[in-house]
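One letter stands for each residue in the lines below.
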Amino acid sequence: MVWSKEELIFFVRSFYDVLLAVLVSVGFMFYFSAKAKRTSGERDRIPGRLGIPFVGETFSLLSATNSTKGCYEFVRLRRLWHGKWFKTRLFGKIHVFIPSTEGAKMVFANDFAQFNKGYVKSMADAVGKKSLLCVPHESHRRIRRLLSDPFSIPSLSKFVTKFDKMLCQRLKKLEEHGKSFVVLDFNMKIAFDAMCKMLMSVTEEPMLQQIERDCTDVSNAMLSFPVMIPGTRYYKGIKARSRLMERFREMIEERRGRGEGGAPEDFLQSMLERDSLPPEEKLDDSEIMDNLLTLIIAGQTTTAAAMMWSVKFLDENPDVQDRLREEQLAILRKKPQGAALTLEDLNSMSYGLKVVKETLRMSNVLLWYPRVALTDCTIQGHNIKKGWHVNIDATCIHYDPSMYKNPIQFNPSRFDVNTPSSTPLVSFSCNFIDQYVTDEHFKSLTTVLHATNLQEMQKPYSFIPFGSGPRTCLGMNMAKVTMLAFLHRMTSGYRWTVDDPDTSLEKKAHIPRLRSGCPITLKAI
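Each value, and the rule that gives it
Residues numbered from 1 in each chain as written. Predicted model: local features only at pLDDT ≥ 70, side-chain atom pairs only at ≥ 80, totals over all residues. Heavy atoms only, no water. Helix = DSSP H or I, 4+ residues; strand = E, 2+ residues; numbered from the N terminus. Buried < 20%, exposed > 50% of the residue type's maximum accessible area, 1.4 Å probe, protein only. Lys, Arg positive; Asp, Glu negative; His and termini not counted. Salt bridge = Lys/Arg side-chain N within 4 Å of Asp/Glu carboxyl O. Polar contact = N/O pair within 3.5 Å; in protein donor to acceptor, adjacent residues only side chain to side chain. Phe/Tyr/Trp six-rings, centres within 6.5 Å; stacked < 30°, edge-to-face > 60°. Contact = heavy atoms within 4.5 Å. Pairing = 2+ DSSP bridges. Axes fitted to C-alpha atoms, helices over the stretch in contact; angles between N-to-C directions. Parallel < 35°, antiparallel > 145°, perpendicular 65-115°, else oblique. Nonpolar A, V, L, I, M, F, W, Y, C, P; charged D, E, K, R; others polar. Core = buried A, V, L, I, M, F, W, Y, C linked by side-chain atoms within 4.5 Å.

## Re the side chain of K87
Then, in step 1: For K87, the location among the structural elements is in strand β2 (residues 86-90).
Then, in step 2: Buried and unpaired, K87 has no salt bridge, with E57 as the nearest side chain of opposite charge at 10 Å.
Then, in step 3: At 2.4 Å, the side chain of K87 and the backbone oxygen of I46 are in polar contact.

Here is the structure:
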């Protein structure tokens, strides 16, 4: 049916009021619909600046890393500009920084299901694609289980005794010389030597020096621009990694040629003894080598930095230092003269553990935990797209005044809790860990190494220096016992003065470390 012009005019005149009402209603509907979408978009939208494709704000991050304020200055500034939640583009990928325990729970609790590890390319290239830090879900559980032996109770017991003897000898030599020494350098060296001895039975100084130089180059490349240009940190790190892989390969071939007779009892040998087992019960050579490198670097750099910060914090808080010394001297008096520390001794260091925890909370040697979204999802009302990187900001959480009263104050007593004396001392950083970690030996650690952190129990994910969930740091308990042994010998045997109070951070480091390394002079008690 086709209307004539006269008929159309008659229809409009006859139903003018109805048509006007319909048009006004449709207009209002579109207006409020658009406003609702705009409001919702503003609510879901994560503020930030992405910059140009690929580059984004990468150079700003590298600039902060190359300053004496450290790479977290990049994050701090963007929080001032955009708020707690913000997004940015780094190395070609969109990154969202998550500042809350609720967001941390969402990500940690859904590791592998909705999120996977999300290291920047330079870091993944440095440690290797078969590293526990980088492997996909289907390989992670197997590799983690097979790597767990050095961190079992029997292995930790042996490690504590050997590390303590090494520590006593070196501290005594430094005190006898009476000269100032750099705590960070001392800690880096002793942590490195202890890891190499435990993992590969390497004790010859020339070889230790060669391996350490290459590991340092690899570590320095972890937060660099991933281009193979001679002279750059990335180039040096990848070349150093190649040398290390060749050295590890030679070690493996030499041990296989030697056979089991006369082989040292260490981590490497325990891996090679699995050669005849089914694939799911062993690591191939590339998995062994990538994870040897990962364990050495992770066991050296983070623990050494945390021990350095403990010396600085204790120097700045003499009351805490005196209380810790009182506890450690009481433990020392109960032992035969010259006796080495045991796990049982460490288990009685209740205040010492609180000092360790407060050091880890304030130093944040792991600034944030990177993940990548496997699907589109929503975190606390913020839309996250598949492929975006989400970084759980441990530093922001650990300094949140709603979690910790006066968070910039070094106060180990914030971890006080009234519990029976039989309550264990060191444990996983999150009391929800059991539902994620199935490795039996890890669960057995809680029978000896226990928790006194009421705050952790009341506020899950508020204390995450070792992460949480199925990717919880494999060496977390080794780090704690190493720090406890170090603090015991430092406070029970010595007093010290810090010779350089400069608080500037080391340039180009992917973890926060003092530029001075915290030089001190020891004086025996």
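## Here's the deal with the packing of aromatic side chains
Then, in step 1: Throughout the structure, instances matching the rule amount to 10 aromatic pairs.
Then, in step 2: Ring centres of F97 and W368 lie 5.1 Å apart, and the angle between their planes is 80°; on these two criteria the pair is classed as edge-to-face. One end of the pair, F97, is in strand β3 (residues 93-98); the other, W368, is in strand β6 (residues 368-373), with 271 residues separating them in the sequence. Taken individually, F97 and W368 each receive the classification buried, so the pair is uniform in this respect.
Then, in step 3: Arranged with centres 5.7 Å apart and planes meeting at 25°, the rings of W309 and F313 form a pair that is stacked. Of this pair, W309 and F313 both sit in helix α13 (residues 285-316), four residues apart, roughly one helical turn.

## Focus: the environment of L314
Then, in step 1: If you trace the backbone, L314 turns up in helix α13.
Then, in step 2: With residues up to four places along the chain from it excluded, the contact list for L314 reads V320, Q321, L324, V355, F410, L487 and W496.

## A look at the sheet that holds strand β5 (residues 181-182)
Then, in step 1: The sheet built from three strands is open, its strands ordered β5-β11-β10 with antiparallel pairing. Of all strands in the sheet, those bounded by a partner on one side alone are β5 and β10 (494-498).
Then, in step 2: Summarising the sheet, β5 and strand β11 (residues 519-524) pair through two bridges and their orientation is antiparallel. Looking at the pairing, F181 lines up with I520 of β11.
Then, in step 3: Across the sheet, helix α20 (residues 476-493) touches β10 and β11, and the angle it forms with β10 is around 95°.

## Some remarks on the packing of helix α10 (residues 205-220) against α13
Then, in step 1: Contact pair α10 / α13: the axes reach a minimum separation of 11 Å and the direction vectors enclose 80°. As judged from the angle between their axes, α10 and α13 are roughly perpendicular. Contacts between α10 and α13 pair E212, C215, V218 and S219 from the former with L293, I296, I297, Q300 and T301 from the latter.
Then, in step 2: Taken together, the residues that form the contact of α10 with α13 break down as five nonpolar, three polar and one charged.

## A word on the pairing of β3
Then, in step 1: Where burial is concerned, most of β3 is hidden: five out of the six residues are buried.
Then, in step 2: Hairpin connection from β2 to β3: two residues lie between these consecutive antiparallel strands, with F91 at a positive phi of about 50°.

## Overview of the nonpolar core
Then, in step 1: Core analysis: the biggest nonpolar cluster contains 112 residues, and L199, M200, F248, F486 and I520 have the highest contact counts within it.
Then, in step 2: Looking at this core element by element, the count peaks at 16 residues for α13.
Then, in step 3: Excluding its chain neighbours within four sequence positions, the residues that come into contact with I520 are K179, S180, F181, V183, V311, M490, W496, T497, V498 and D499.
Then, in step 4: Counting residues in hydrophobic clusters, the runner-up holds 21 residues, among them F108, Y369, V390 and I392.

## Thoughts on the pattern of salt bridges
Then, in step 1: Across all of its chains, the model carries 32 salt bridges by this definition.
Then, in step 2: Across the salt bridge formed by K84 and D400, the nearest N and O atoms sit 3.7 Å from each other. Remark: D400 occurs in the loop between α17 (394-398) and α18 (440-444) and K84 occurs in the loop between α4 (72-82) and β2; sequence separation between them is 316 residues.
Then, in step 3: Residue D400 is classed as buried on the basis of its relative accessible area of 10%.
Then, in step 4: The partner of R513 in a salt bridge is E506, and the shortest N-O contact between them spans 2.9 Å.
Then, in step 5: Look at E506 and you get partly exposed, because its relative accessible area is 23%.

## Structural notes on the sheet that holds strand β4 (residues 115-117)
Then, in step 1: Strand order in the open sheet formed by six strands is β1-β2-β3-β9-β6-β4, with mixed pairing between adjacent strands. Of all strands in the sheet, those bounded by a partner on one side alone are β1 (48-49) and β4.
Then, in step 2: Of the pairings in the sheet, the one linking β1 to β2 comprises two bridges and is parallel in character. By the bridge assignment, R49 is partnered in β2 with T88.
Then, in step 3: Against the sheet, α4 makes contact with β1, β2, β3, β6 and β9 (389-393), and its axis sits at roughly 135° relative to β2, the strand it touches most.

On their own, these measurements won't tell you what the molecule is for.
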